[in-house]
Amino acid sequence: MQLTNRSKAVNRDPMTFSESLYIPGLLKGMATTVGHIFKKKATVSYPEETRPFSPVFRGLHILNRDEEGREKCTACGLCALSCPAEAITMEAAERLPGEEHLYREEKYAAKYEINMLRCIFCGFCEEACPKDAIYLTQSIPPPNYDRETFIYKKDDLLLPAKTDAQERAAEGDPTPLQP
């Protein structure tokens, strides 16, 4: 019984004299090699050129901020629980009085780390986050020889807060802030 139609019968006849010289096989292999010399190369000179990625490509993680520049992450831990590679670790802390401009909720992530060597870029953390605090960008992790540089801490992942000058420029006011 055959499962597919791809099976071929193997020829068990003894080789002829021309086949035992292997010259036809050598010429066929050389023709393949010469044919590949003139084809377009599949490789890219990476730092100078980059290849186009798919629109659904998932790259580096980013921790997002809200419109007022506060951290969106509430340290619920759903991203760490949904990660199949267990690449995300976090520790929660309570917001102190006077820190309302830094954190959105009463609880925030005091420590947030992603081990990019373990991450499989599946996007489950992005889907699990109820606050849209984490998302995966289109950029790839930079190459490095040091293992410690692939453990991204909260400061590495968090988008920089907008300064007052950037906010004024976004609103159309070109005047810089006066000291």
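### What to know about the packing of aromatic side chains
- Using the criterion set out here, one finds two aromatic pairs in the structure.
- Ring centres 4.3 Å apart and planes at 20° place the aromatic pair phenylalanine 53 and phenylalanine 57 in the stacked group.
- When its relative accessible area of 23% is taken as the criterion, phenylalanine 57 is described as partly exposed.
- Aromatic pair tyrosine 103 and tyrosine 108: ring centres 3.7 Å apart, planes at 10°, arrangement stacked. For the pair tyrosine 103 and tyrosine 108, one class covers both residues: buried.

### Concerning the nonpolar core
- Counting residues in hydrophobic clusters, the biggest one holds 23 residues, and the most contacted among them are Ile88, Tyr112, Ile114, Met116 and Ile134.
- Elements represented by at least two residues in this core include exactly strand S3 (107-115) and strand S4 (134-136).
- With three residues, the top contributor of residues to this core is S3.
- Among residues more than four places away in sequence, those in contact with isoleucine 114 are His61, Ala87, Ile88, Ile134, Phe150, Ile151, Tyr152 and Leu157.

### Things to note about empty space enclosed by the protein
- Counted under the stated rule, the structure contains two cavities of 30 Å³ or more.
- What the largest cavity holds in volume is close to 90 Å³.
- Lining the largest cavity are 15 residues, with Cys73, Cys76, Cys79, Cys129 and Ala133 sitting closest to its centre.
- In this model, the second largest cavity occupies a volume close to 50 Å³.

### Notes on the pattern of salt bridges
- In this structure the tally under the stated criterion is seven salt bridges.
- A salt bridge links lysine 153 to glutamate 113; its shortest N-O distance comes to 3.3 Å. On the criterion of sequence distance, the pair formed by lysine 153 in the loop between strand S5 (151-152) and helix H5 (154-157) and glutamate 113 in strand S3 is long-range, its members being 40 residues apart.
- On the basis of relative accessibility, which here comes to 18%, the residue glutamate 113 falls in the buried class.
- Bridged by salt links that share partners, the residues Asp66, Glu68 and Arg70 form one connected network.

### Some remarks on the sheet that holds S3
- With antiparallel pairing, three strands are arranged side by side in an open sheet as S2-S3-S5. Each edge of the open sheet is held by one strand with a lone partner, namely strand S2 (88-94) and S5.
- Sheet topology note: the S3/S5 ladder contains two bridges and is antiparallel. Residue pairing across strands places asparagine 115 opposite isoleucine 151, the latter belonging to S5.

### Considerations on the confidence of the model for the protein chain
- Chain-level pLDDT for the protein chain is 85 on average; 89% of the residues reach the 70-or-more range.
- Between residues 174-179, whose pLDDT stays under 50, and residues either more than four places distant or in other chains, the model counts five contacts.

### A closer look at the environment of serine 20
- The topology assignment puts serine 20 in helix H1 (residues 17-20).
- Looking at serine 20, its side chain comes within polar contact range of the main-chain oxygen of phenylalanine 17, at 2.7 Å.

### A word on the pairing of S3
- Sheet topology places S2 next to S3; seven bridges connect them, and they run antiparallel. Directly across from glutamate 94, in S3, lies its bridge partner lysine 107.

What counts and what doesn't
- Residues numbered from 1 in each chain as written.
- Predicted model: local features only at pLDDT ≥ 70, side-chain atom pairs only at ≥ 80, totals over all residues.
- Heavy atoms only, no water.
- Phe/Tyr/Trp six-rings, centres within 6.5 Å; stacked < 30°, edge-to-face > 60°.
- Buried < 20%, exposed > 50% of the residue type's maximum accessible area, 1.4 Å probe, protein only.
- Core = buried A, V, L, I, M, F, W, Y, C linked by side-chain atoms within 4.5 Å.
- Helix = DSSP H or I, 4+ residues; strand = E, 2+ residues; numbered from the N terminus.
- Contact = heavy atoms within 4.5 Å.
- 1 Å grid on protein atoms, 1.4 Å probe; cavity = no way out; pocket = protein on both sides within 12 Å on 5 of 7 lines; lining within 4 Å.
- Points joined across faces, edges and corners; volume = space filled by probe spheres on them.
- Salt bridge = Lys/Arg side-chain N within 4 Å of Asp/Glu carboxyl O.
- Pairing = 2+ DSSP bridges.
- pLDDT = per-residue confidence, 0-100.
- Polar contact = N/O pair within 3.5 Å; in protein donor to acceptor, adjacent residues only side chain to side chain.

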